[in-house]
Amino acid sequence: MTEQPAIQDLIPANHCFGCGPDNDLGLQIKSYWTGQDKSLCTFAPQPHHSAGPVQYINGGIIATVIDCHTICTAIADGYRQAGREVGTGDKIWYATGRLDVSYRAPAAIDKPVTLEATIVERSERKTLLHCELSSEGRLCATADVVAVRVPDGW
Ligand SMILES: CC(C)(COP(=O)(O)OP(=O)(O)OC[C@H]1O[C@@H](n2cnc3c(N)ncnc32)[C@H](O)[C@@H]1OP(=O)(O)O)[C@@H](O)C(=O)NCCC(=O)NCCSC(=O)Cc1ccccc1
């Protein structure tokens, strides 16, 4: 799994709070392909990512890691569909058009969460993804995401 480079480490000039290697104060999540249409991310929250109760992860942080894991998966898939390695040739860039998160159970702040994204549908302008976030084997959040292809200069 970790022998392949993280998708985020191949995307050039990414300053995103959730997934940009170029954002020193960001979460810097890393995503990896696990199959043709599936990808995985493991995120270790820090104490300051808590909700009101210190033992659980903040909902916005959960939404952010889901957002970034799925959008980076859509970007990597865009390169795959174009027959290119991520980061080569003209830049392929997607933005979040829709992020629909269901919070099903609280996620512990002191345990890593795993995110599994699946590409459900793709067309020229958009990619639909489903994501499941689990903590200690328990499903804590599910999400459906619309990633929309945007121009290089976006
Ligand atoms: C780009 C877009 C989302 C859509 O542009 P438009 O010109 O309006 O697009 P157009 O009308 O040509 O539709 C094309 C296709 O897409 C569909 N569709 C469109 N919208 C929606 C929707 N809302 N919901 C559902 N579907 C929608 C539409 O039906 C059509 O489908 P079709 O092909 O007919 O089947 C624009 O509204 C925007 O910029 N929003 C702000 C985005 C933003 O700020 N996001 C947060 C920051 S990014 C981030 O944080 C992640 C990140 C991390 C790391 C690195 C990079 C990113």
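Keep in mind the model is a prediction, meaning the values are calculated, not measured. (Residues numbered from 1 in each chain as written. Predicted model: local features only at pLDDT ≥ 70, side-chain atom pairs only at ≥ 80, totals over all residues. Heavy atoms only, no water.)

Further remarks concern the overall build of the chain. Secondary structure summary: the chain contains one helix and six strands in total. Order of helices (α) and strands (β) in the chain, N terminus to C terminus: β-β-α-β-β-β-β. Taken against the 2.2 N^0.38 rule, which gives 15 Å for 154 residues, the C-alpha radius of gyration of the chain at 15 Å falls within 12% of a compact globule. Projected onto its principal axes, the C-alpha positions of the chain cover 45 × 30 × 30 Å. Expressed as a percentage of its 154 residues, the buried residues of the chain come to 44%. For the chain, restricting intrachain contacts to residue pairs at least 6 apart in sequence, the fraction spanning at least 24 positions comes to 60%. For the chain, the accessible area works out to roughly 7,900 Å², and carbon and sulfur atoms hold 50% of it. Taking the average place of the 13 positive charges on the side chains of the chain and the average place of its 18 negative ones, the gap between the two points comes to 4 Å. (Helix = DSSP H or I, 4+ residues; strand = E, 2+ residues; numbered from the N terminus. Rg over C-alpha atoms; globule rule 2.2 N^0.38 Å. Buried < 20%, exposed > 50% of the residue type's maximum accessible area, 1.4 Å probe, protein only. Contact = heavy atoms within 4.5 Å. Areas by Shrake-Rupley, 256 points an atom, 1.4 Å probe, with all protein chains shown as cover. Lys, Arg positive; Asp, Glu negative; His and termini not counted. Charge placed at Lys NZ, Arg CZ, Asp CG, Glu CD.)

Take the nonpolar core next. Counting residues in hydrophobic clusters, the biggest one holds 42 residues, and the most contacted among them are Ile29, Ile66, Leu115 and Leu133. Looking at this core, the elements with two or more residues in it are strand S2 (38-43), helix H1 (59-81), strand S3 (93-103), strand S4 (113-122), strand S5 (126-135) and strand S6 (138-150). Among the elements that take part in this core, H1 stands out by supplying 12 residues, more than any other. Contacts of Leu133, omitting those with residues within four sequence positions, involve Ile62, Val65, Ile66, Val113, Thr114, Leu115, Arg138, Leu139, Cys140 and Ala141. (Core = buried A, V, L, I, M, F, W, Y, C linked by side-chain atoms within 4.5 Å.)

What follows deals with the site of the ligand. Looking at the ligand, there are 16 residues lining it, with Tyr94, Thr96, Gly97, Arg125 and Lys126 nearest. Side-chain polar atom of Arg125 to an oxygen atom of the ligand: 2.6 Å apart, as the coordinates give it. Contact distances for the ligand include 3.1 Å between an oxygen atom and a side-chain N or O atom of Lys126. Elements with a minimum of two residues in the shell around the ligand: H1, S3 and S6. The element best represented in the shell around the ligand is S3, accounting for six residues. Partitioned by chemical class, the residues of the shell around the ligand number 10 nonpolar, two polar and four charged. (Near = heavy atom within 4 Å. Polar contact = N/O pair within 3.5 Å; in protein donor to acceptor, adjacent residues only side chain to side chain. Nonpolar A, V, L, I, M, F, W, Y, C, P; charged D, E, K, R; others polar.)

The next thing to look at is the sheet that holds strand S1 (residues 31-33). Paired through their backbone hydrogen bonds, the strands of a sheet run either parallel or antiparallel. Strands sit in the order S1-S2-S4-S5-S6-S3 across an open sheet of six strands; the sheet is antiparallel. A strand with exactly one partner marks an edge of an open sheet, and here the two such strands are S1 and S3. Recorded for the sheet is a direction-independent mean angle of 25 degrees between the axes of neighbouring strands. Pairing of S3 with S6 involves 10 bridges; the strand directions are antiparallel. Within S6, the position partnered with Tyr94 by the bridge is Arg149. Of the strands in this sheet, S1, S2, S3, S4, S5 and S6 are in contact with H1, which crosses S3 at around 140 degrees. (Pairing = 2+ DSSP bridges. Axes fitted to C-alpha atoms, helices over the stretch in contact; angles between N-to-C directions.)

The next subject is the environment of Thr64. Inspection of the secondary structure assignment puts Thr64 in helix H1. Residues Thr64 and Thr34 lie 30 residues apart in sequence; the distance between their C-alpha atoms is 21 Å. Sequence-distant contacts of Thr64, defined by excluding residues within four places in its chain, comprise Phe17, Gly18 and Leu27.

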